[in-house]
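# Observations on the model geometry
Here are the chains, one letter per residue:
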Amino acid sequence: LPRSPARGHNRGVTTVPEPSYLALHRSGELARRADVLEARLAPCVVCPRECRVDRLRGETKFCGVAARAIVSSYAPHFGEEPVLSGTHLPRGAARGAGNIFFGRCNLHCVHCQNAQISQGPRPAPGDPREVDAARLASIMLELQAEGCHNIGFVSPSHVAPQIARAVDVAAGRGLALPLIYNTNGYDALETLRLLDGAIDVYLPDLKYSDEAAGLELSKAPDYVARARAAIKEMHRQVGDELVLDERGLARRGLIIRLLILPNDQAGLRGTLEWIRAELGPRVALSVMSQYFPANEVGGERHPLMQRPIRRREYDEVLDWLDELGFENGWVQPFDERAADYYRPDFDDPDRPFKDADDFE
């Protein structure tokens, strides 16, 4: 189920310099910023929840993560956008996005497709999934050695300090791949500002256009305001041009993901109008049709979320893209098999996605 172009194509195919985090590392600036970010762990103000517990002393609250990040899985992943996974390349040349899936999350989405790791129990003390900076750096280098096109930090919002420290360590040991910040969008502005220049491609969700939906479906009463402010900061850092290298792989930029929900629970028209007004029509969008009922969706609490999307709902979003003049990105094909194809199983942490079978 490859993603197809959405009314246009990505611009800026070019050869670009090395990732900017390498210069930050050599100057010592990345280490300094990691210090500042780690200080935000005690009391914790890393994400918009501002739980203010001392994570450096082992205290936890909403996300359940203390001083060490939890890595639930890491592997080459072929289900991301083609410019990240390399699935537009000739057969055999795609090496996948080097995704690192962090455990736990700073949202609690009732329809989360990764609920096994985002909302499951915390690992017991001493569990190898709890990693220090040296181990996280080694994971990045392992993925680089496997030939992955980039390093993707999946659900990084609550562990940004740990990521910054590990990137500094990995840069000193030879890491040279673009870094992808694959986030739910619920990010603190000050945290993002400290990551300026350390992240090459921002890949945020923009889940809702109505705060009531954010509260009901993700347990975040201020999701819309926080995510929109975060994405504006990402846009300030990297602009709206998705810069590609000579192979058509992303080196810098912003891609906003939009998941179509049944009965338009996401309020996608409002989101698209906001993007058009605040960021412009050139920003790359990734419109996803893969929704399937998961996690807590069931029973009487969420009756509007208990089915896959319908063709008319999908077509309506395509009409909005045309009407509003969006130029770049991808639309996931409408296909009833999408739910099974993109459904992960993290009980097999080395191979949680079926899509790898298509590229071996």
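Read on for an overview of the structure. This one's a predicted model, so the numbers in the text were calculated from it and none came from an experiment.

### Describing the overall build of the protein chain
When helices and strands are counted, the protein chain shows twelve helices and eleven strands. By the compact-globule yardstick of 21 Å for 360 residues, the protein chain fits well, its C-alpha radius of gyration being 19 Å. When the backbone C-alpha atoms are referred to their principal axes, the protein chain occupies close to 50 × 50 × 40 Å. Of all 360 residues assigned to the protein chain, the portion counted as buried reaches 59%. Within the protein chain, contacts between residues separated by at least 24 positions form 73% of all contacts whose residues are at least 6 apart in sequence. Per element, the accessible surface of the protein chain, about 14200 Å² overall, is 50% carbon and sulfur.

### Topic: the nonpolar core
Grouped together as the largest cluster of nonpolar side chains are 57 residues, with contacts concentrated most on Tyr202, Ile256, Leu258, Ile275 and Leu285. No other element matches the seven residues that helix 9 (residues 223-238) contributes to this core. Grouped together as the second largest cluster of nonpolar side chains are 31 residues, Leu30, Cys63, Ile163 and Ala170 included.

### Here we look at the environment of Gln306
In this structure, Gln306 sits in the loop between strand 10 (284-288) and helix 11 (311-324). Owing to a relative accessible area of 36%, Gln306 belongs among the partly exposed residues under this scheme. Each C-alpha atom of the pair Gln306 and His111 lies 9.5 Å from the other, and the pair is 195 residues apart in sequence. Beyond its immediate chain neighbours, meaning those up to four positions away, Gln306 contacts Pro293, Val297, Gly298 and Gly299. Reaching out from Gln306, the side chain makes a polar contact with the backbone oxygen of His302 at a distance of 3.4 Å.

### Quick notes on a negative patch on the surface
A cluster of acidic side chains, namely Asp345, Asp347, Asp348 and Asp350, defines a negative patch on the protein surface. Mapping Asp348 onto the fold places it in the segment after helix 12 (338-341).

### Notes on helix 9
Quick reminder: α-helices carry 3.6 residues per turn. Residues three or four places apart thus point the same way. Over its 16 residues, helix 9 runs 22 Å from end to end, which matches the ideal 22 Å to within 8%, given 1.5 Å per residue. Listed in full, the buried residues belonging to helix 9 are Tyr223, Val224, Ala227, Ala230, Ile231, Glu233, Met234, His235, Gln237 and Val238. Elements in contact with the buried residues of helix 9: strand 6 (179-183), helix 7 (189-194), strand 7 (201-204), helix 8 (211-218), strand 9 (250-259) and helix 10 (268-278). A positive backbone phi angle near 75° is found at Gly239, which sits one or two residues after helix 9.

### Here we look at the packing of helix 1 (residues 20-27) against helix 6 (residues 160-172)
Contact pair helix 1 / helix 6: the axes reach a minimum separation of 10 Å and the direction vectors enclose 85°. In terms of orientation, helix 1 lies roughly perpendicular with respect to helix 6. Across from Tyr21, Leu22 and His25 in helix 1, the residues of helix 6 making contact are Val167, Asp168, Ala171 and Gly172. Here the residues of the contact of helix 1 with helix 6 sort into four nonpolar, two polar and one charged.

Thresholds, definitions, all that
Residues numbered from 1 in each chain as written. Predicted model: local features only at pLDDT ≥ 70, side-chain atom pairs only at ≥ 80, totals over all residues. Heavy atoms only, no water. Helix = DSSP H or I, 4+ residues; strand = E, 2+ residues; numbered from the N terminus. Rg over C-alpha atoms; globule rule 2.2 N^0.38 Å. Buried < 20%, exposed > 50% of the residue type's maximum accessible area, 1.4 Å probe, protein only. Contact = heavy atoms within 4.5 Å. Areas by Shrake-Rupley, 256 points an atom, 1.4 Å probe, with all protein chains shown as cover. Core = buried A, V, L, I, M, F, W, Y, C linked by side-chain atoms within 4.5 Å. Polar contact = N/O pair within 3.5 Å; in protein donor to acceptor, adjacent residues only side chain to side chain. Patch = residues over 30% accessible without salt bridge, like charges linked within 9 Å, V, L, I, M, F, W, Y side chains within 5 Å. Salt bridge = Lys/Arg side-chain N within 4 Å of Asp/Glu carboxyl O. Lys, Arg positive; Asp, Glu negative; His and termini not counted. Charge placed at Lys NZ, Arg CZ, Asp CG, Glu CD. Expected span 1.5 Å × (residues − 1). Axes fitted to C-alpha atoms, helices over the stretch in contact; angles between N-to-C directions. Parallel < 35°, antiparallel > 145°, perpendicular 65-115°, else oblique. Nonpolar A, V, L, I, M, F, W, Y, C, P; charged D, E, K, R; others polar.

So, to be careful, I would describe these as geometric facts and stop short of saying anything about function.
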